[in-house]
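Each chain, letter by letter, is given below.
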Amino acid sequence: MAIVKGKRSLPGVRLAHRKNTQGFQTQAMPVPDTVKIPMCQHMGAVCQPLVKPGDTVYVGQKIGEVDHPRCVPIHSSVSGTVTALEDYTTYSGVVCKAVVIQTDQQQTPDPSVAPPVLTDKASFIRAVYESGMVGLGGAGFPTHLKLNFQEDLHVDALIINGAECEPYITADHREFLEHPEDIVEGIQKVLHYLGIAKAYIGIETNKPDAIRLMQERTASLPDIQIIPLCSVYPQGAEKVLIYAATGRVIEAGTIPVQAGVIVMNVCTVSQLNRYFRTGMPLISRRVTVDGDCIGQPKNAEVLIGSSIQDVVDFCGGFRQEPKKVLMGGPMMGVAVYDLHTPIIKNNNAILCFSEEAARIPQETACIRCGKCSQVCPVGIMPRALEKAYDAQNLDELERLQVNLCLNCGCCSYICPAKRNLAQKNQLAKMLLRANTKR
Amino acid sequence: MSGVNVPAERKGMTVILEKLIVSASPHIRSSNSTQKIMLDVLIGLSPALIASVILFGYRALIVTLTCVVSSVVFEYLCRKIMKRDNTIADLSAVVTGVLLAFNLPVTIPLWIACIGSFVAIVVVKQLFGGIGQNFANPAITARIVLLISFSGHMTKWVSPFSGADAVTSPTPLSTGFTDVSLLDLVTGVHGGCLGETCAIALILGGVYLMIRRVIDFSTPLAFIGAAFLWAVIFDAEPLYQLFSGGLLLGAFFMATDYSTSPITRLGKVIFGLGCGTVTMFIRHFGSYPEGVSFAILFMNILVPYIDRATALKPFGGKKMRVARDIVKPTVTLIVIVMCISAAVVGTYNLTKEESTGSLSQEVLSAAEEMLGAPVSEVPGTYGETVNGVMTSENGKAVSVSPVGYSGGKIEMLVAFDPDYVIREVRILDISTQTPGIGQPVDSPEFTGQFVGKSGNLTAGTDVDIVTGATATSKGIINGVNAASAAAQGILDGDSSDSSSEEPDTTASATSSFVEQSAEDVLPGLLKDGYAEISGQFPAEVEAAWKSADEMLYSFSVRTQGYWGDIVSLITIHADGSVADVTVLAQGESSAKFTEEPLTGQFTGKNGPFTVGENIDAVAGATVSSTGLTQAVNLALEAFASLAE
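Residues numbered from 1 in each chain as written. Chains lettered and ligands numbered in written order. Predicted model: local features only at pLDDT ≥ 70, side-chain atom pairs only at ≥ 80, totals over all residues. Heavy atoms only, no water.

**So, the overall build of chain A**
Worth spelling out the cut-off: In this text, helices come from DSSP runs of H or I with a minimum length of four residues, and strands from runs of E with a minimum of two, each type numbered from the N-terminal end. Atoms counted for the radius of gyration: C-alpha only. Globule rule: 2.2 Å times the number of residues to the power 0.38. Residues count as neighbours in contact if any of their non-hydrogen atoms are within 4.5 Å of one another. To be clear on the numbers: accessible area is Shrake-Rupley with a 1.4 Å probe, and residue cover counts the displayed protein chains and nothing else. Note on charges: Lys and Arg go in the positive column, Asp and Glu in the negative column, and His and the chain ends are not counted at all. Where a charge lies is defined by one atom per residue type, namely NZ (Lys), CZ (Arg), CG (Asp) and CD (Glu).
Looking only at helices and strands, chain A features 14 helices and 17 strands. The C-alpha radius of gyration computed for chain A amounts to 22 Å, which stays within 12% of the reference 22 Å derived for 438 residues, consistent with globular compactness. Projected onto the principal axes, the alpha-carbon positions of chain A cover approximately 65 × 50 × 50 Å. Of the contacts made within chain A by residues no fewer than 6 positions apart, 74% connect residues no fewer than 24 positions apart. Put simply, chain A shows about 16,700 Å² of open surface, and 51% of that area lies on carbon and sulfur atoms. Side chains of chain A give 44 positive and 42 negative charges; the mean places of these two sets differ by 7 Å.

What follows is the structure in C-alpha cells.
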C-alpha cells in the first residue's frame, strides 16, 4: 500500500503541540451522581424530551427526538431517574430543554439495545440515525445526513480526519492506538454500503506511532490509504484536509459531497462501528483533559451529560485556580463561564488555564505587516476585512469574500499587534448574513 | 443560562466574570509582538551603526542618539496633544530615528537632525494616523525634505577616519568612482551618509532580518537585481552602483518598511523592481547622483495600485482582481514612470551646455572689458576645453569650457598679463553645476585666488577648493590651467605663436627659412638664360621673366601673409601648368608653408587654386598658405594675360 505524502498544504501556523496526554491510556470516568443531557447537541434540530420527571431511564434509551429532517436522537448515558427538565442555553445560544437524571450507579442497559441489521444503503442510513451519531471532531454535524447524499452525486472518496491539529487534544490519537480494528471495519462498512471507492486516512506527522499502526492494519487493503499530513494548523479543517489528501478544491458556497468527497472524524467512524457491533448508541466519548490547572491531565471516557466539574474531579481536581476553561482546543474552542456545564456529544477536550496562561496581551495598532494574509489557509485578507467591518462597509466585505473564512484563528494568532481579527471576521459574517436576509 | 446570574465586568471585547474569563477564540497568541519586531530591526541595524562610529567617529553616535531621542519625544508629545494613546513602547520611533540618522552625513548640525525627526514622526507618520497608516516612508521623506531645504549641510560629507580634521570629500557617485577601490566601497571607506557606506554591515543586517522572518527576501532581491541589470545595460559599473549611495540601506531597511510596501509577495517583487529601475534612471539620466530616496518615495505612492493588481485569489473563492484592476494600475504605473523620467531627462538636457563654436560677441566684449583694450581673435585649433584665444595690447584672454560636476560644462574667461600672469578669472555660465552646491563656487573668494598666479596650478596646494563642491572647483582650476597653456601657445601641437607681434624665432617652426631675391633663384629655374618681360599684370605681380626658349615664365608676386608680406616666385610652363613655387621673402611665424608639402601641391596643375578645395593648407599656417595660394593664382592670371 503506497503512502502518499501530503505535499499539498495550504498556509497555516506552526503551533506548539503540547500533546502531553498522548501516551496515556484512556481511563473510564466513574458514573457521576447526576447528569444533565441537553436536547441540542449538534448542528441540527432541537429535540423534544421523550421522558418526564419521575421516569426511569436505562443506558442507551432514546430520551430525545423530534420529527424533523435534521434531527438526531439523543440517548441516556446512564440508568436512573429523571428528576427535572431544565431550561438550558447552549454556548452557541440555542435555547432548549435539558434532561436531568439522578443516576443509580447500576448502568443497566436498555432492552432495546441490539446490533442493527444492515442490508443495504437505506438500512445503513437508518442504523446511523438510530445511533445518535454526530461529528465527534467538534463540529457535531448529524452523521446520517452527511452519509445520506443524493443518488446523482458521485462520491468516490471517504476521508477520515485524524489530523487533530489543535494543541493539547489527543482524543483522536488515542482512538487510533486503542481501537484500530473499529476504525478499519467502520471504514469498510461505510465504503461498502455507500458504494464509495476509496478511503484516505489523514494523520499528522506528529503522531508517528498512529501512522505506523494504521499502515500495518491497512497494508493488505487496497482501498484504504494512509496520508501523513504536515503538522501545520489547521490541517484538520475540512477544506484544508480535502486539498491535502486529494488536491480537490471546494469552491465557495459548495459542500464537499458536491466534489465527490465525504469527510468523517476518526472517532465518529470508530464509534459507529462499535454501535454496529453492540447496538449501544452514542452515550459516551473520549475527552482530553489538560491545561496548567489540571491535577492529572489525561484522556477520560466521559458519559454524556457529566459536568465539567465532574470530569475535572476525576482528573485530579484543580491544581491552581483556573481563570479560563475551554471546551475544545485553544484555537477554536469555546470559553465556558460555568463549571456545571455538561459535556455533550461533540466536546473533545476540556482545557483549564491559569491567569498567566490565559492572559491575552492588549491589542495595539496594526502595523500592516501582512502576516495575517500570509498565514490564512484560504488566502483572504483579515486586515482589510477588519477595516471594512469597522466601517460597516457591506460591499467591501463581500468583495473581500469574508464568507470563505474558516474561523480557524490563524490570523489572530500570528498578529504581532494582538488584534482580534478572527473575532471581527465572525462579526463581519454575521453582519453580512443579517443584511442579506433582508 | 440555567438561571445563573453572575456579576460580570465588560472590558472591551472580553467579559470577565467572577471567576472565569470568557473571550472569543483563538485563546492563544504567538509570542511575536510589534516591539519584538522593532527590536529585531534595531539588531539588524547595529552592524551599520558600529561601522559608522568606526568610520566617522563618535559624532556618528551623537547624531544617531539625537535622532532617536527627538523622534521618541516628538511621538510622545504628538500623541499626547492629539489625545491618543502613548505608543513609544513599540519602539517604532526608535527605529525611525536610527534610519533617519543613517541618511545624514556625520557633519549635520544637530538642530537640522531634529527637524528631520519632526518631519518623519509628526508629519509623515502621526498626522496620517500613526504606525501602519502612513503611505510614505518616514525616514526617506525626511531625508528628501532636508536635502532640498538644507542642501549644503546635507551634502557636506567627510572622509572616513578623518577625525577632528575632517577633510571634505564627495561621495563616489559624484566623482564617478575614480578614486575609490572596490574594497573601500564594500567596507565603507569613502565619503557618504552615516549608515549607507559600509556594504558589509548592511548586508549582514539584512540577512539577519531575513532569517528572523522580519522582512521578506523578495523586495531587497528585486531592488538590487533591477538596479544591477540597469547598471549593466547603461554600462555604468554595476558593482560600484550597488555598493554606493545608500542602495543597500534602501533595499534592506527602507523599501521593506511594512506600512509603505505591498502585502503580497508578487506585489513586493514589483515594488522592488520599480525601486531599482527608478533609482538607476535617476542616476543615469539626471543630475542627482542619488536616486534611491526618490525612487522609494515614488514607489510608495504606487503601493495601493500594486496591492490592487496583485490581490490573490482566495482558496475556493473568486478572483479578487479583474482586468480593470490590472489594466488601470499598470497604465498608471507606466504613465507616472514615463512622466518622471521625461521630466528628469528633459531638465538635464535643457541645462546641458552646448559646446560653443567660434567666440560669441558676449565673450569678446567680456574679454575687452577684462583686458581694458580691444581684442582680436587669434585663429587656431585648440583642444576640447579651449574655445578660443583673444589678444590685445594688454595681454591675452582665453575662453575655456572645462567639465565640472557630473559632466556639466562651465563657461569661463581667463585674462592674462603679457607675461602670462593671471589678471582675472571670470565665470560666464555655471548653470550646469548643482544649485546650492556647485554654483556658489562662482564667488570672489574662490576666483580671486587665481589673481597674480601663473603657470600650472594644483588644487589644494595653489588654490583651495570649495567644501562640498570638489568636482566644480577642480573643473574651474582645470579650465584656468588650460587657458594658461593656450595663451602661451603650448597646446595640442599647435605652434602658432600668438603672444608677440614680432617674429620670434625661438617659438617658430623647426624648419629654417632663408630670404633670397629673384635673381638668386632665377638662374636655377630658367636655366638657359632669361629676360625680363612686362605686361598688363595684376598689381601684386611686381616683375616677370621668361626663359630663352619661351617655355617657362616666372612671376614675382607680393601677397599678404599673416604678419606681413610674402614675396614668392611662381614659375609657369608654356601650357599654363605650374612648374615651380618658391617663396623669396616672408615674415611669418612658421616657414612651413614655404616647403614641399604645400608648394608641391601646385606643381603640374593649371589652377585656379582654392585653399580647402584643391589645396590643403599647412596646419596652423592657414593665412600663410592662403597668401601663397593667392600668389600662384595671380601669377596664372598674369600668364593668361600674356597670351592675349
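**Notes on the packing of aromatic side chains**
Residue and element names in this part refer to chain B. Note the cut-off: Classification of ring pairs uses Phe, Tyr and Trp, with its six-membered ring standing for Trp, and accepts pairs whose centres are within 6.5 Å; under 30 degrees between planes counts as stacked, over 60 as edge-to-face, and the remaining range as tilted.
According to the stated counting rule, one finds 15 aromatic pairs over all chains in the structure shown. Ring geometry for Phe74 versus Phe118: centroids 5.3 Å apart, planes at 75 degrees, classification edge-to-face. Pair noted here: Phe74 is in helix α2 (residues 59-81) and Phe118 is in helix α4 (residues 110-125), with a separation of 44 residues, a long-range link. Ring centres of Tyr553 and Phe639 lie 5.4 Å apart, and the angle between their planes is 65 degrees; on these two criteria the pair is classed as edge-to-face.

**Overview of the interface of chain B and chain A**
Heads up, the rule is: Put simply, buried area is how much 1.4 Å-probe accessible surface two parts lose in total, over both of them, once they are put together. Any Lys or Arg side-chain nitrogen found within 4 Å of a carboxyl oxygen on Asp or Glu counts as a salt bridge. Any pair of N or O atoms that falls within 3.5 Å is considered a polar contact. Within protein, one atom must be able to donate a hydrogen and the other to accept it, and sequence-neighbouring residues count only if both atoms are side-chain atoms.
Contact residues are listed per partner, giving 42 residues for chain B and 65 residues for chain A. Between chain B and chain A the total buried area reaches about 4,600 Å² when both faces are included, carbon and sulfur atoms providing 58% of it. Three residues stand out in chain B for area buried against chain A, namely B:His27, B:Arg29 and B:Phe315, and they jointly supply 19% of the buried area on that side. Here A:Arg368 makes a salt bridge to B:Asp307, at a shortest N to O gap of 2.7 Å. Applying the counting rule to chain B against chain A returns 18 residue pairs in polar contact (both at pLDDT 80 or more). Listing elements by their share of the side of chain B that touches chain A, those giving two or more residues are β3 (21-22), α1 (34-56) and α14 (292-309) of chain B.

**Brief notes about the sheet that holds strand β11 (residues 224-229) of chain A**
Sheets are built from strands paired through backbone hydrogen bonds, the pairs being either parallel or antiparallel. All names here are of chain A. Selection criterion: Whether two strands pair comes down to DSSP finding at least two bridges between them. In this analysis, axes come from line fits to C-alpha atoms, helices being fitted only over the stretch in contact, and the angle between any two N-to-C directions falls in the range 0 to 180 degrees.
Across the sheet, which stays open at both edges, the 4 strands sit in the order β11-β10-β9-β12 with parallel pairing between neighbours. Of all the strands in the sheet, just β11 and β12 (261-265) have a single pairing partner and so form its edges. Along the sheet, successive strands turn relative to each other by an average axial angle of 25 degrees, direction set aside. The sheet contact formed by strand β9 (residues 157-162) and β12 spans 5 bridges and is parallel.

**Quick look at the confidence of the model for chain A**
Residues and elements named next belong to chain A. Short version of the rule: pLDDT measures the predictor's confidence residue by residue and takes values from 0 up to 100.
Taken as a whole, chain A shows an average pLDDT of 90; of its residues, 98% reach a score of 70 or greater. Looking across chain A, the model is least confident in helix α9 (residues 355-358), with a mean pLDDT of 86, and most confident in helix α13 (residues 410-414), with 95. Counting contacts from residues 1-6, a segment whose pLDDT is below 50, to residues more than four positions away or on other chains yields 21 contacts.

**A few points about the packing of helix α10 (residues 218-233) of chain B against helix α13 (residues 265-285) of chain B**
Residue and element names in this part refer to chain B. Spelled out, the test is: Should the near helix be turned counterclockwise from the far one by less than a right angle, the crossing is left-handed, whereas a clockwise turn marks it as right-handed. Charged means Asp, Glu, Lys or Arg here, nonpolar means Ala, Val, Leu, Ile, Met, Phe, Trp, Tyr, Cys or Pro, and polar covers whatever is left, Gly included.
Look at α10 against α13: their axes get within 7 Å of each other, and the N-to-C directions meet at 35 degrees. Classified by chirality, the crossing of α13 by α10 is right-handed. Contacts between α10 and α13 involve Ser218, Thr219, Ala222, Phe223, Ala226, Ala227, Trp230 and Ala231 on the former and, on the latter, Arg265, Lys268, Val269, Phe271, Gly272, Leu273, Cys275, Gly276, Thr277, Thr279, Met280 and Phe281. Counted by class, the contact of α10 with α13 contains 12 nonpolar, 6 polar and 2 charged residues.

**Things to note about the packing of helix α9 (residues 199-211) of chain B against helix α12 (residues 247-254) of chain B**
Residue and element names in this part refer to chain B. Definition in use: Note on angle classes: values under 35 degrees are labelled roughly parallel, values over 145 roughly antiparallel, values of 65 to 115 roughly perpendicular, and the remainder oblique.
Axis separation between α9 and α12 bottoms out at 10 Å; the angle between their running directions is 15 degrees. In this view, α9 runs roughly parallel relative to α12, as classed from their interaxial angle. In the packing of α9 onto α12, the handedness of the crossing is left-handed. For the pair α9 and α12, contact is made by Ala199, Leu202, Ile203, Gly205, Gly206, Leu209 and Met210 and by Leu248, Leu249, Phe252 and Phe253, respectively. The residue inventory of the contact of α9 with α12, partitioned by class, reads 9 nonpolar, 2 polar and no charged.

**Overview of the domain arrangement of chain B**
Accessible area lost upon the coming together of the parts is a frequently used measure of interface size. Cut-off, in case you're wondering: Each domain's limits were defined by an automated method or a database of domain assignments.
In terms of domains, chain B is made up of domain 1 (370-499) and domain 2 (513-643). Just the C-alpha atoms count here: the centres of domain 1 of chain B and domain 2 of chain B sit 42 Å apart.

**Thoughts on the side chain of B:Ser261**
Considering the arrangement of structural elements, one finds B:Ser261 in the loop between α12 and α13. When neighbours within four sequence positions are excluded, B:Ser261 is seen to be in contact with A:Arg368, B:Ala255, B:Thr256, B:Phe271 and B:Val303.

**Quick word on the layout of surface pockets**
Note the following rule: The rule is simple: put a 1 Å grid over the protein atoms alone, call a set of points where a 1.4 Å probe fits but cannot get out a cavity, call an open set with protein on both sides within 12 Å along at least five of seven lines a pocket, and count a residue as lining if it has an atom within 4 Å of a point. Grid points are joined across faces, edges and corners, and a volume is the space filled by probe spheres set on the points.
Space inside the second largest pocket adds up to approximately 1,300 Å³. Every residue lining the second largest pocket is counted, 45 residues in all, and those nearest its centre are A:Lys371, A:Gln374, A:Val375, B:Arg213 and B:Arg265. Here the residues of the lining of the second largest pocket sort into 25 nonpolar, 10 polar and 10 charged.

**Focus on the nonpolar core**
How we decide: We define a nonpolar core as any set of buried Ala, Val, Leu, Ile, Met, Phe, Trp, Tyr and Cys residues linked to one another through side-chain atoms lying within 4.5 Å. Think of it in three bands: residues with accessible area under 20% of the maximum for their type are buried, residues over 50% are exposed, and the middle band is partly exposed, with areas taken using a 1.4 Å probe on protein chains only.
If you look at the biggest cluster of nonpolar residues, it comprises 80 residues, and the most contacted ones within it are B:Leu104, B:Leu194, B:Phe223, B:Phe253 and B:Ile296. When residues of this core are assigned to their parent elements, the largest contribution, 9 residues, is made by α14(B). For B:Phe253, the residues in contact, after removing those within four places along its chain, are B:Gly44, B:Leu45, B:Leu99, B:Leu202, B:Gly205, B:Gly206, B:Leu209 and B:Leu248. One finds A:Phe124, A:Ala127, A:Ile160 and A:Ile187 within the second-largest nonpolar core, a separate group that totals 42 residues.

**Observations regarding unusual backbone geometry**
The omega torsion of the bond from B:Ser25 to B:Pro26 falls at -5 degrees, within 30 degrees of zero and hence cis. Following the sequence through the fold, B:Pro26 ends up in the loop between β3 and α1. Following B:Gly607, the chain continues to B:Pro608 via a peptide bond in cis, the omega torsion being -5 degrees. In this structure, B:Pro608 sits in the loop between α20 (596-602) and α21 (622-643). At A:Asn407, a residue that is not glycine, the phi angle is positive and equals roughly 65 degrees. Inspection of the secondary structure assignment puts A:Asn407 in the loop between α12 (394-399) and α13. Of note, the phi angle at B:Lys83 is positive, near 60 degrees, even though the residue is not glycine. Along the chain, the position of B:Lys83 falls in the loop between α2 and α3 (92-102).

**Regarding the pattern of salt bridges**
Residue and element names in this part refer to chain A. In this structure the tally under the stated criterion is 33 salt bridges over all chains. For Lys424, the salt bridge goes to Glu386, with nearest N and O atoms at 3.2 Å. Of this pair, Lys424 sits in helix α14 (residues 421-437) while Glu386 sits in helix α11 (residues 382-390), and the two are 38 residues apart along the sequence. According to the relative accessible area criterion, Lys424 is buried, its value standing at 13%. For Glu386, a relative accessible area of 0% corresponds to the buried category.

**Quick word on the domain arrangement of chain A**
All names here are of chain A. If you check the domain split of chain A, you get domain 1 (27-113 + 281-357), domain 2 (121-278) and domain 3 (371-437). A straight line from the C-alpha centre of domain 2 to that of domain 3 covers 29 Å. Ranking the residues of domain 2 by area buried against domain 3 places Tyr233, Pro234 and Lys239 at the top, with a combined share of 70%. Linking domain 2 with domain 3 are 0 salt bridges. Linking domain 2 to domain 3 there are 1 residue pair in polar contact (both at pLDDT 80 or more). For the side of domain 2 that touches domain 3, the class distribution of residues is 5 nonpolar, no polar and 1 charged.

**Side note on the environment of B:Cys193**
Residues and elements named next belong to chain B. Inspection of the secondary structure assignment puts Cys193 in the loop between α8 (182-187) and α9. With 321 residues separating them along the chain, Cys193 and Val514 place their C-alpha atoms 69 Å apart. Other than its neighbours up to four places away in sequence, Cys193 contacts Phe56, Phe102, Asn103, Leu104, Pro105, Arg143 and Trp157.

**Thoughts on the pairing of strand β5 (residues 62-65) of chain A**
Residues and elements named next belong to chain A. Note that strand β3 (residues 48-49) and β5 share 2 bridges and pair antiparallel. Bridging across to β5, Pro49 finds its partner in Gly64. Here 2 bridges tie β5 to strand β6 (residues 74-75), and the two strands are oriented antiparallel to one another. Within β6, the position partnered with Lys62 by the bridge is His75.

**Observations concerning the sheet that holds strand β15 (residues 324-327) of chain A**
All names here are of chain A. Here we have 6 strands laid out as an open sheet, ordered β1-β14-β13-β17-β15-β16, and mixed in their pairing. Each edge of the open sheet is held by one strand with a lone partner, namely β1 (27-28) and β16 (334-336). Here β1 runs beside strand β14 (residues 298-303); their pairing, made up of 2 bridges, is parallel. Paired with Gln27 across the two strands is Ala300, which belongs to β14. Lying on the sheet, helix α3 (residues 171-178) is in contact with β13 (284-290) and β14; it crosses β13 at an angle near 125 degrees.

**Examining α4(B)**
All names here are of chain B. Let me state the cut-off plainly: For a helix, the expected span equals 1.5 Å multiplied by the number of residues minus one.
For α4, built from 16 residues, the straight-helix expectation of 22 Å at 1.5 Å per residue is met to within 8% by its first-to-last C-alpha distance of 21 Å. Inspection of α4 places Ile112, Ala113, Gly116, Ser117, Val119, Ala120, Ile121, Val122, Val124 and Lys125 among the buried residues, and these make up the whole buried set. Next to the buried residues of α4 lie α2, α3, α5 (138-149) and α6 (151-154).

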